[in-house]
Each structure stands twice: as C-alpha cells, then as structure tokens.
Amino acid sequence: MARFLYVLLAIALFGVLIAIHEFGHFITAKLLGVKVNEFAIGMGPALWTKQRGETLYALRAFPVGGYCAMEGEDEDTGDPRAFARQAAWKKIIILCAGAFMNFVLGLAITVALFLGVSQARVPVITQFAGGFQHESADGLMVGDRIVKVDGHGIWLYADVQTYLSRNDGQGVDLVVERDGARVSLKDFPMGRYDYEFEGNRNHGFGLIFGQVEELSIPERIGQGFAQTVDFVRMVWMSLGDLVTGRVAVSELSGVIGVVDVVSEVGAGSETVALGVQNVFYFMALIAVNLAVMNLLPIPALDGGRIFFVLLNGILYAVARKRIPEKYEGYVHAGAFVVLLALMAVVALHDVWNIFA
C-alpha cells in the first residue's frame, strides 16, 4: 500500500514537471506576442477544457505529456503572430523557456531539501585505512581537502566518490588544499584494495572522510546550488557513457522505470518523511535531466528546433535563403516518430524488468 502511494506521488510530480515545462513555453509565447491555440496538461482525451480568449486550456486523461500549441509552429500560416514569423531571438527564448523552468524547479526543490540539512560531511581526509601506502608530504596527508579529481571540481563530499569511482585506479590526477595552498598530484598511483574499517570489509582507495561541519543558512543554499549543478554534470556523464558504450542502451529507463525506482526508494525509506524527501530528491534530478536533454540538438526536441533557428540564421546571412518550414516540419515529425518508438521499446523493457 505504501509503495502504491509513492507511485501516485511520483506520477503527480511527473505531471508537475511537464506542466512547468509547458508553462515556460506558454508564458514566454504570451509575453512575446505569439498566438497560443491550446495549452494542455496530459495527453489523450480531454477531461476538462475551457476557452479563454484565443487559447483553449485543457486537462487530458494521461499524465505522460502535455503541450503548448502555438500558431504556425511547424509552418507559416500567414498569421503575423505565428511562431514561424517571429524574430530568431524570440523563438530561441520561447524554446529555451521550458528547459529553463525545469532547471529552476529542480534548483528550488534541491535548495529546499538542503535547507533542512544542518550538517554535512566535507571532502577532507581525516585518516587512512590500514594498508594505504601513499601517505607522505609528496603524496596525500591527513587534513588534505580534495579540490579536484581528474579535472572535475569537488564541491560536495559525494563528488569524491563519484569521480574516483570512474577512474581505473592506475593513475589519478588530484588537486588538494593543504595549509592554505593547492598541491597538484599528477598520475597519483592510487589503486583500489581490500581493507577493514570499523569492523566492515571494504574495497576502495583507503581514504577516510570523517569530518562533519555545521552549515549556516547561506551555506545550505550554496550546497543546494552545488548539488543542482552536480545533477547537470551527472546527466552529461551519463550521455558520454552512452555514446562511448560504457553504459548499454538496454540500461535506459523511461517514465515507467523511473516511477518504479522512485516508489521503491520512497517505500524503502525508514520513515514517511524521509521517503517523501527521497522522492523529491529524485524528482529534482529528473527535472534537471529533462532540462539538459530537451536542449540537445536532436530534431523534435526544443534543442533541435533551436538548432534549425540558428542554422537558418547562418544560411540567411550567407546565401539569403532559409530552409522551408515544411521540410523542417518533416524532419521534426520523423524524429518524433523515432522518439515515440524508442519510448515504447524502453517502456516495454521497464515493464519486463518490473515483472522479471
């Protein structure tokens, strides 16, 4: 029963993510004078509609999408307020607004969660596990604060584990802060090994981070900002892993898989309050994920449309020509079909994993 309630909470939050994304497109289109024919939350049959001025507002049956249907979105309809007839800067603002709203929502959730955190572990080495062989003035020392790992900035304690875990352990580029100065350690020969700490057997680098600091309100807000930017880095890392084959396409999850994981995490939490916090944390990550993914230059996504706006600007500057709207529409329509097919495959895979 508890897990079912978390499923409902996750679905409701997905609806909020979609609504806030489409609202970004809607409000900027309205403010910039573009005609909006329909603003809908959800897909499928309409449960509720209301015509207000030129815009139809609708709540539809399935909370898995939504849209802001602007006049002349894919072709010039002749209306001077059509999207196709707007200046490039207006189009880019409208297209970016959805992702921007998702990012702001993710940031707001994360900062709100961190406001309730009074203490945080910091990336300062407090001791080394038995068997660690590189403790010296030329290596690592107790009190060193990890600043960078393989070129990645360490803003939160969790970043240390994130980036060390991605290294093959043969040579790590570290930057540490020691006695107010920064020390660079290139190709530091720090590999993983088995060790015991506080009665538990571990396999890792042997670094122990036991320092906890009290956080002021500004510091909590700062940690919330840092965690949100970390979400962006995580999305880019995941995309890179997908391209390089480090992560298989079969490991992708869609809405069904994400809802299942979120509900499982919520139901497995020690208390209801902690479960709700964990669900909101995941949704903040997903909100930022949506913001980044939507701006990728892939046809049918906002980033793909922005790419065509910029491409048309370059073509017009060079040759006084633009790509006809109908051909651009064909590209977006074809890509949309491919995306729907991919979503269907991923959804079936999610369902199979759940029942398996």
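First, a word on scope: everything that follows refers to the structure included in this document.

Conventions and cut-offs
- Residues numbered from 1 in each chain as written.
- Predicted model: local features only at pLDDT ≥ 70, side-chain atom pairs only at ≥ 80, totals over all residues.
- Heavy atoms only, no water.
- Helix = DSSP H or I, 4+ residues; strand = E, 2+ residues; numbered from the N terminus.
- Buried < 20%, exposed > 50% of the residue type's maximum accessible area, 1.4 Å probe, protein only.
- Contact = heavy atoms within 4.5 Å.
- Axes fitted to C-alpha atoms, helices over the stretch in contact; angles between N-to-C directions.
- Parallel < 35°, antiparallel > 145°, perpendicular 65-115°, else oblique.
- Left-handed = near helix turned anticlockwise from the far one by under 90°.
- Nonpolar A, V, L, I, M, F, W, Y, C, P; charged D, E, K, R; others polar.
- Salt bridge = Lys/Arg side-chain N within 4 Å of Asp/Glu carboxyl O.
- Pairing = 2+ DSSP bridges.

1. Some points on the environment of G24
With respect to the helices and strands, G24 occurs in helix α1 (residues 2-31). With a relative accessible area of 1%, G24 lands in the buried category. As for G24 and A84, which are separated by 60 residues in sequence, their C-alpha atoms are 18 Å apart. In contact with G24, other than residues within four places in its own chain, are A97, G98 and M101.

2. A closer look at the packing of helix α2 (residues 88-115) against helix α6 (residues 272-294)
It is at 8 Å that the axes of α2 and α6 come closest, and there the two elements cross at 155 degrees. On the basis of the axis angle, α2 is roughly antiparallel to α6. Judged by the twist between their axes, the crossing of α2 over α6 is left-handed. Here α2 contributes A99, N102, F103, G106, I109, T110 and L113 to the contact with α6, which in turn contributes Q277, F280, Y281, A284, A287, V288, L290 and A291. Split by residue class, the contact of α2 with α6 holds 11 nonpolar, 4 polar and no charged.

3. A few points about unusual backbone geometry
One non-glycine residue with positive phi stands out, namely A300, at about 85 degrees. With respect to the helices and strands, A300 occurs in the loop between α6 and α7 (302-319). For R320, which is not a glycine, the phi torsion comes out positive at approximately 55 degrees. Mapped onto the fold, R320 is located in the loop between α7 and α8 (325-355). Classification of R320 as exposed rests on a relative accessible area of 57%.

4. What to know about the pattern of salt bridges
Counted under the stated rule, the structure contains 8 salt bridges. Residues E54 and K30 are paired through a salt bridge, measuring 3.7 Å at the closest nitrogen-oxygen approach. Remark: K30 occurs in helix α1 and E54 occurs in the loop between β1 (36-52) and β2 (55-70); sequence separation between them is 24 residues. Look at E54 and you get partly exposed, because its relative accessible area is 28%. Judged by relative accessible area, K30 falls into the partly exposed class, the value being 30%. Notably, a salt bridge pairs R60 with E38, separated by 2.7 Å at the nearest N-O pair. Of this pair, R60 sits in strand β2 while E38 sits in strand β1; the two residues are 22 residues apart in sequence, bridging distant segments of the chain. Across the pair, exposure class does not vary: R60 and E38 are buried alike. If you follow the salt bridges from partner to partner, you end up with K30, E54 and R81 in one network.

5. Overview of the sheet that holds strand β7 (residues 172-178)
Reading across the sheet, the 4 strands line up as β6-β5-β7-β8 and stay open at both edges, with antiparallel pairing between neighbours. Strands at the two margins of the open sheet, each flanked by one partner only, are β6 (152-153) and β8 (181-188). Pairing of strand β5 (residues 145-149) with β6, which is carried by 2 bridges, proceeds in the antiparallel orientation. Residue pairing for β6: K148 is matched across the bridge by G153.

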